[in-house]
Amino acid sequence: MPKLNILVINNLANHHIEAIKNVEPNSNVITCDLAQAADHIHDTDILLTWGSMDIRSLYLAAPKLKWVHSLSAGVESLVFPEMKLATTILTNSKGIHGIPVSEHVLSMMLAFTRGLTVFIRQQGKSLWKRTPVDEIHDKTIGIVGLGSIGREIAKKAKGMGMQVLASKQTMTKELFVDELYPPEKLHELLSLSDFVVIALPLVDETRNLFTLKEFSAMKPSAYLINIARGGIIQQADLATALQQGLIKGAGLDVFDEEPLPDTSPLWNMENVIITPHVAALSPNYLDRAIKLFTDNLSRFLESKEMLNCIDKKKGY
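Q: What exactly am I supposed to notice about the overall build of the protein here?
A: Helix and strand content of the protein: 11 helices and 12 strands. Here the C-alpha radius of gyration of the protein, 21 Å, is about what a compact globule of 316 residues would show, namely 20 Å. In terms of overall dimensions, the protein has C-alpha extents of about 70 × 45 × 35 Å along its principal axes. The 316 residues of the protein split such that 49% are buried. In the protein, the proportion of contacts linking residues at least 24 apart, taken out of those at least 6 apart, comes to 59%. Carbon and sulfur atoms make up 53% of the accessible area of the protein, which totals about 15800 Å². On the protein, the mean spot of the 32 positive side-chain charges and the mean spot of the 35 negative ones are 4 Å from each other.

Okay, here's the thing in structure tokens:
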């Protein structure tokens with residue numbers, strides 16, 4: 001069998017490379033950064049990259065490329081026209097993010113309800129002052145997008161005694177969801193939720209899905225949490241909603257422009273938690289990502305049905 005050339009646009013530990021070679025000993029695994037990838041792409045059979053990377057020029061220079069695997073769940077930069085028209089397999093790392101992202105969501109909800117957003121600021125001023133605190137027990141969480149991440153959020157929320165609502169395109173029976181809504185009933189879900197968590201992919205249908213109209217449908221006492229993609233929210237409308245008190249606060253890990261410009265009014269709002277796109281990060285991230293890839297590599301080599309194949313027309 002000809003040697004299989006696998007190009008990874010990321011650093012890998014030795015045990016990750018060994019895991020790949022355990023599946024296919026006759027493979028050549030090259031790791032590099034995006035700038036160096038052009039030196040290797042011509043002979044590449046399989047490419048591992050990130051869904052936010054612009055690899056279009058690399059793709060057009062890769063005559064042997066059979067499969068592109070995204071180390072992230074999002075593939076928004078990988079579904080360019082040539083990829084859509086080609087037979088190249090496109091897969092993602094859906095399913096590995098649920099644990100850290102759901103913990104991030106839980107930490108944001110608890111930070112708001114237990115007053116940590118206030119107390120941390122007061123600590124810097126040596127100020128001993130109580131502020132009203134609350135519980136998430138018996139509160140309602142509305143999860144917009146019930147994929148693998150949404151399900152893990154639902155599981156943890158239910159374990160904390162919350163009422164769990166979710167929206168999903170296909171109505172299914174869900175173990176940790178009390179009520180499921182179709183997309184056209186989004187405003188009903190928003191009106192009932194104390195916390196609204198966005199867990200959708202960024203595609204044409206979801207871009208700027210949340211505008212002033214959606215924020216107006218939420219409770220004035222509700223919090224918005226976005227751990228998906230910044231482009232799902234019309235950011236200027238979110239700032240307006242927060243300034244006008246249409247919603248109580250927001251926990252934001254993603255933005256339509258990253259890094260968030262220092263001119264953004266969101267930086268100075270005391271009812272906003274900003275984290276720099278870290279919700280999915282974990283010391284275990286690449287271990288999980290490479291395990292998923294090697295499982296799929298076995299399927300690829302045996303011509304079996306592969307996991308997490310992207311519908312290029314839908315973009316997810």
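More follows now that the structure is in view.
Q: Just to check I follow, could you spell out the sheet that holds strand β11 (residues 249-252) for this structure?
A: Strand-to-strand pairing in sheets goes through backbone hydrogen bonds, with the strands running parallel or antiparallel. Pairing within the open sheet is parallel, and its 7 strands lie in the order β8-β7-β6-β9-β10-β11-β12. Two strands in the sheet have a free side with no partner beyond their single neighbour: β8 (179-181) and β12 (272-274). The average angle at which neighbouring strand axes cross in this sheet is 15°, direction not considered. Pairing analysis gives 4 bridges linking strand β10 (residues 223-226) to β11, with the strands arranged parallel. Across the sheet, the residue bridging to I225 is G251, located in β11. Set on the sheet, helix α10 (residues 235-244) makes contact with β10, β11 and β12; between it and β11 the angle comes to about 145°.

Q: What should I look at first to understand the sheet that holds strand β5 (residues 89-91) in this one?
A: Pairing is parallel across the open sheet formed by 5 strands, whose spatial order is β2-β1-β3-β4-β5. On the outer flanks of this sheet lie β2 (27-31) and β5, each paired with one strand and no other. Across this sheet, the average inter-strand angle for adjacent strands is 15°, counted without regard to direction. In the packing of helix α1 (residues 14-23) onto the sheet, contacts are made with β1 (4-8) and β2, and the angle to β2 comes to roughly 155°.

Q: Looking at this structure, I do not really get the nonpolar core. What am I missing?
A: Across soluble globular proteins, nonpolar side chains show a tendency to be buried alongside one another. One finds F210, L224, L238 and L266 to be the most contacted residues of the largest nonpolar core, which totals 31 residues. For this core, the secondary structure elements donating two or more residues are α8 (186-192), β9 (195-198), α9 (212-217), α10 and β11. Counting residues per element, this core draws most heavily on α10, at 4 residues. With 28 residues, the next largest nonpolar core counts I143, M162, V197 and A199 among its residues.

What counts, and where the lines are drawn
Residues numbered from 1 in each chain as written. Predicted model: local features only at pLDDT ≥ 70, side-chain atom pairs only at ≥ 80, totals over all residues. Heavy atoms only, no water. Helix = DSSP H or I, 4+ residues; strand = E, 2+ residues; numbered from the N terminus. Rg over C-alpha atoms; globule rule 2.2 N^0.38 Å. Buried < 20%, exposed > 50% of the residue type's maximum accessible area, 1.4 Å probe, protein only. Contact = heavy atoms within 4.5 Å. Areas by Shrake-Rupley, 256 points an atom, 1.4 Å probe, with all protein chains shown as cover. Lys, Arg positive; Asp, Glu negative; His and termini not counted. Charge placed at Lys NZ, Arg CZ, Asp CG, Glu CD. Pairing = 2+ DSSP bridges. Axes fitted to C-alpha atoms, helices over the stretch in contact; angles between N-to-C directions. Core = buried A, V, L, I, M, F, W, Y, C linked by side-chain atoms within 4.5 Å.

These results come straight from atomic positions and should not be treated as a statement about function.
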